[in-house]
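# Examination of the molecular architecture
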Amino acid sequence: MAVAQGAQARPLRVMALDQCADQYVLALAPDADLALSPRADDPDAWLRREAAGHRRLRPTLEAAVGFKPDVVVRYWGGEPRLLNALEMRGVKVVTIADATDLDGVRANIRTTAQELGQVERGARLEQTMQAKLNQAAAPRDGPRPGAVYLTSGGFTSGPGTLMDAMMRAAGFRNLTTTPGFGVISVERIAMEPPIRFVLGFFDQLRADWRGPGRHPVVRRAAQGRTAAKLPAAVLTCPAWFAADGVEMMARGRP
């Protein structure tokens, strides 16, 4: 009887297999016994400060067997053999979907919260997200200035992506009309400078430091035309802090 009561009393054991999963488990199950990924406190992790003090484990079967998680949360982390082995051992594996719009983010919050037994906490997180979106929303009958999203590596984002949904939520018209992600050339920017830029990942000074997005031509074109510089921490995971990115863009809306 005492053993059974002790087993019931122990906190839920949750293992995150990648940095995106870290954000979800830190926000939704901070009281659980957590094992985070090695990148939990990297500069591009939204909740890097909250990760302090938690153990870090590599996403391997050996590490998982040693930790004995009840639930494993992942976005892209964990190879198929690891996931299959965990499920065969009775571990619940929760996968965060690659959301392409804000409804997809809401679904991620609800699903992960449900699987972690934190429905109320998930609802509060969703409410906070919605409040920020409401605050950032442009007047329905107001103008929608055009903008182009550009990363330091020279990539842009068109319809069917979360960034496109974020730009529209912030009151911008996405000037990239080709669906999905693609490359935007320095030559195009030089010949046809966008009305406004939304820059992403430029805070990662060691990443793509020779990328097209850092070219002097692009730098000159973006001077005085940048609506927002979104930090990598906002962009690496389809999560509730997409609303923070929308707020940042809305502040640069004319």
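Residues numbered from 1 in each chain as written. Predicted model: local features only at pLDDT ≥ 70, side-chain atom pairs only at ≥ 80, totals over all residues. Heavy atoms only, no water.

## Description of the nonpolar core
- Counting 55 residues, the largest nonpolar core has Tyr24, Val73, Trp240 and Met249 as its most contacted members.
- Top element by residues in this core is helix H2 (residues 19-28). It accounts for seven residues.
- Every residue in contact with Tyr24, bar those within four places of it in the chain, is listed here: Ala29, Ile96, Val105, Asn108, Ile109, Thr112, Cys237, Pro238, Ala239 and Trp240.
- Residues Ala35, Phe67, Leu86 and Val93 belong to the second largest nonpolar core, which totals 12 residues. (Core = buried A, V, L, I, M, F, W, Y, C linked by side-chain atoms within 4.5 Å. Buried < 20%, exposed > 50% of the residue type's maximum accessible area, 1.4 Å probe, protein only. Helix = DSSP H or I, 4+ residues; strand = E, 2+ residues; numbered from the N terminus. Contact = heavy atoms within 4.5 Å.)

## Let's talk about unusual backbone geometry
- The backbone phi angle of Lys68 is positive, close to 60°, even though this residue is not glycine.
- Position of Lys68 among the secondary structure elements: in the loop between helix H3 (61-67) and strand S4 (71-74).
- In this model, Phe201 sits at a positive phi of 75°, which is unusual for a non-glycine residue.
- Relative to the assigned elements, Phe201 resides in the loop between strand S10 (197-200) and helix H9 (216-222).

## As for the sheet that holds strand S8 (residues 173-174)
- If you walk across this open sheet you meet the four strands as S8-S6-S10-S11, and the pairing is parallel. Whereas interior strands pair on both sides, the edge strands pair on one side only; in this sheet they are S8 and strand S11 (226-230).
- By the bridge criterion, two bridges tie strand S6 (residues 146-151) to S8 in an arrangement that is parallel. In the strand pairing of S8, Gly146 is matched with Arg173.
- The strands touched by helix H7 (residues 162-169) within the sheet are S6, S8, S10 and S11, with S6 carrying the most contacts at an inclination of about 140°.
- Along the sheet, helix H11 (residues 242-251) makes contact with S10 and S11, crossing S11 at roughly 155°. (Pairing = 2+ DSSP bridges. Axes fitted to C-alpha atoms, helices over the stretch in contact; angles between N-to-C directions.)

## Some points on the state of the cysteines
- Scanning all chains against the criterion turns up one disulfide.
- In this model, Cys20 is linked to Cys237 through a disulfide, with the two sulfur atoms separated by 1.9 Å. Looking along the S-S bond of the Cys20-Cys237 disulfide, the torsion reads about 50°, which is the right-handed sense. With a gap of 217 residues between them, Cys20 in helix H2 and Cys237 in the loop between helix H10 (232-235) and H11 connect regions that are remote in the sequence. The pair Cys20 / Cys237 is uniform in exposure class, with both members buried. (Disulfide = S-S within 2.5 Å.)

## Focus on the sheet that holds S4
- Strands sit in the order S3-S2-S1-S4-S5 across an open sheet of five strands; the sheet is parallel. The outermost strands of the open sheet, each flanked by one partner alone, are strand S3 (55-56) and strand S5 (92-95).
- Inspection of the sheet shows strand S2 (residues 33-36) paired to S3 by two bridges, in the parallel sense. Its bridge partner being in S3, Leu36 is matched across the sheet by Arg56.

## Describing the side chain of Thr176
- For Thr176, the position within the fold is in the loop between S8 and strand S9 (181-183).
- Among the polar contacts listed, one links the side chain of Thr176 to the side chain of Thr156, at a separation of 2.9 Å.
- Excluding residues that lie within four positions of it along the chain, Thr176 makes contacts with Val148, Thr156, Ser157, Gly158 and Pro159. (Polar contact = N/O pair within 3.5 Å; in protein donor to acceptor, adjacent residues only side chain to side chain.)

These results come straight from atomic positions and should not be treated as a statement about function.
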